[in-house]
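# Structure at a glance
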Amino acid sequence: MGLGACLLGLLALCVVGRCSYSPEPDQQRTLPPGWVSLGRVDPEEELSLTFALRQQNLERLSKLVQAVSDPGSPRYGKYLTLEDVAELVRPSPLTLRTVQKWLLAAGARNCHSVITQDFLTCWMSVRQAELLLSGSEFHRYVGGPAETHVVRSLRPYQLPKALASHVDFVGGLHRFPPTSSLRQRPEPQVAGTVGLHLGVTPSVIRGRYNLTAQDVGSGTTNNSQACAQFLEQYFHDSDLAEFMHLFGGNFAHQASVAQVVGQQGRGRAGIEASLDVEYLMSAGANISTWVYSNPGRHESQEPFLQWLLLLSNESALPPVHTASYGDDEDSLSSAYIQRVNTEFMKAAARGLTLLFASGDSGAGCWSTSGRHQFRPSFPASSPYVTTVGGTSFKNPFRVTSEVVDYISGGGFSNVFPRPSYQEEAVAKFLSSSPQLPPSSYFNASGRAYPDVAALSDGYWVVSNRVPIPWVSGTSASTPVFGGILSLINEHRILNGRPPLGFLNPRLYQQHGAGLFDVTRGCHESCLNEEVQGQGFCSGPGWDPVTGWGTPNFPALLKTLINP
């Protein structure tokens, strides 16, 4: 009781700003385009907040990730269990005790932790939340294509200084759901159609990447794969059935998703959600597939953060996860971005392969202090994920070699330094590329991405029972690459090997073996006189537009099946 009274006294002091600090002073808090406020939330309304508690032993975790992901290490493939990770990173008893007592004293209730104990999600009234997080002011907002409702605070929040060494950040205040950058392009014009294809379908993908009818899951392993969706979009089983009826006739496949984690809405299917499921299940054909569907459905929760909590709370997970989520690096607080990166490190230690789309804005562009710079995207820029760029066919109607899709996201992080695994490849690109943009536009010492690529242009998707042509974006290339890695995991499991895990150290050591090198084309960037809309250009070997290239399944299987 004494400590509770003391903490309440501390809270009262901090409310008047005498001993508080801001965990996320650099978090963008402007209202995204297309969103409007519906006014203050009723003070008695309940909301959910997620407290990211300070973890321990992150240096050790980083070294373990390196050891289990490096084929030259004796620990290669000897992944940690979730319980091992929890033992390593679990917050100190002092952190757990201090935060729990602080929340209890403030009236928080129904608090739930995760197995790793480094996140705590609590319910409280808006009135209690605004007292607890000094400076916050919760409004209800509506926006996005699905007219999504969220509860957020655009004002910075403060915490008592006594918590500075215990809490990384509080989730559920600032970050708005991202919007899809997927686009439907106009159909290219061509005379005559003899010997031509009319858009990318599973048979075109499987033909280009040399997958035969036999290259499907065996149905005899416990192999699985997953895609995660954060856009208030849903897939429909009926769309998947129609898609496979139209396009899946020449390879064995599963008729339905094995497991949905989260809530599937009853509304119309979304094109992006349909695309993810349909192409993950046709590239990684006949492999059990999970869908993480809009985790964090309460208006005050951040779906992407809730997905990370799910990963920290489930011992048995699919080895491959694909996601098309992305934000501008500069729009996210340093505390948030570093903590999310640690969550990816935890996944890598467990042998999970996380694939993220590189984005659909090329090198990106923003202006600071009157000068232009390229604009990197996160999580694409995380050193602990495998980032997938995009390509087009050289001839849009023939299964030919590939060139850069001009929208393919890529570049150099302004947050994360270049990891050692890509040192050689990136240095070689920077010293040999004949047409680098001016050095003031990018951070040459940052983590460079993407790592790999696949076709991202001109897909057929079935959504709401309607076949839709010419759908484009790295949201398409990512599930395709993920499905192909799932097929390789299938062979590894059948051979008594562990799944591939965090792929990048091996990928760079092998200099892109098993991939088609994409050497033609540039992606888009700032429309100004200096760079005239051109970002980076592809070339031999690794480049920040298509990475090491696109999959050649038999060659990639050969290079990744052992050890």
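Residues numbered from 1 in each chain as written. Predicted model: local features only at pLDDT ≥ 70, side-chain atom pairs only at ≥ 80, totals over all residues. Heavy atoms only, no water.

- The chain goes by Tripeptidyl-peptidase 1 in an unreviewed UniProt entry, where it is assigned to Myotis myotis.
- Looking at the chain in UniProt, the text filed under Function (unreviewed entry) is "Lysosomal serine protease with tripeptidyl-peptidase I activity. May act as a non-specific lysosomal peptidase which generates tripeptides from the breakdown products produced by lysosomal proteinases. Requires substrates with an unsubstituted N-terminus."
- Under the UniProt heading Subunit (unreviewed entry), the note attached to the chain is "Monomer. Interacts with CLN5. Interacts with CLN3." (UniProt positions renumbered as here; feature names shortened; annotations may be inferred.)

## Considering the sheet that holds strand S6 (residues 138-143)
- Sheet architecture is open: three strands sit in the order S2-S6-S7, paired in antiparallel fashion. With one partner strand each, in any of the chains shown, strand S2 (36-40) and strand S7 (148-153) form the two edges of the open sheet. On average, each strand axis in the sheet is tilted by 30° relative to the strand beside it, whichever way the strands run.
- Examined bridge by bridge, S2 and S6 share four bridges and lie antiparallel to one another. (Pairing = 2+ DSSP bridges. Helix = DSSP H or I, 4+ residues; strand = E, 2+ residues; numbered from the N terminus. Axes fitted to C-alpha atoms, helices over the stretch in contact; angles between N-to-C directions.)

## Let's talk about the packing of helix H2 (residues 58-69) against helix H10 (residues 334-349)
- It is the contact of H2 with H10, at a shortest axis distance of 9 Å, that shows an interaxial angle of 45°. Taken together, the axes of H2 and H10 lie oblique to each other. Along this stretch, H2 crosses H10, giving a crossing that reads as left-handed. The residues of H10 that touch H2, namely those facing Leu 58, Leu 61, Ser 62, Val 65 and Val 68, are Thr 342, Met 345, Lys 346, Ala 348 and Ala 349.
- When grouped by side-chain class, the residues that make up the contact of H2 with H10 number seven nonpolar, two polar and one charged. (Parallel < 35°, antiparallel > 145°, perpendicular 65-115°, else oblique. Left-handed = near helix turned anticlockwise from the far one by under 90°. Contact = heavy atoms within 4.5 Å. Nonpolar A, V, L, I, M, F, W, Y, C, P; charged D, E, K, R; others polar.)

## As for empty space enclosed by the protein
- Taken as a whole and assessed by the stated rule, the structure comprises four cavities of 30 Å³ or more.
- There is about 90 Å³ of room inside the largest cavity.
- Contributing to the lining of the largest cavity are Arg 152, Arg 175, Phe 176, Pro 177, Pro 178, Phe 230, Glu 302, Pro 303, Phe 304, Tyr 325, Asp 327 and Tyr 336.
- Taken together, the residues that form the lining of the largest cavity break down as eight nonpolar, no polar and four charged. (1 Å grid on protein atoms, 1.4 Å probe; cavity = no way out; pocket = protein on both sides within 12 Å on 5 of 7 lines; lining within 4 Å. Points joined across faces, edges and corners; volume = space filled by probe spheres on them.)

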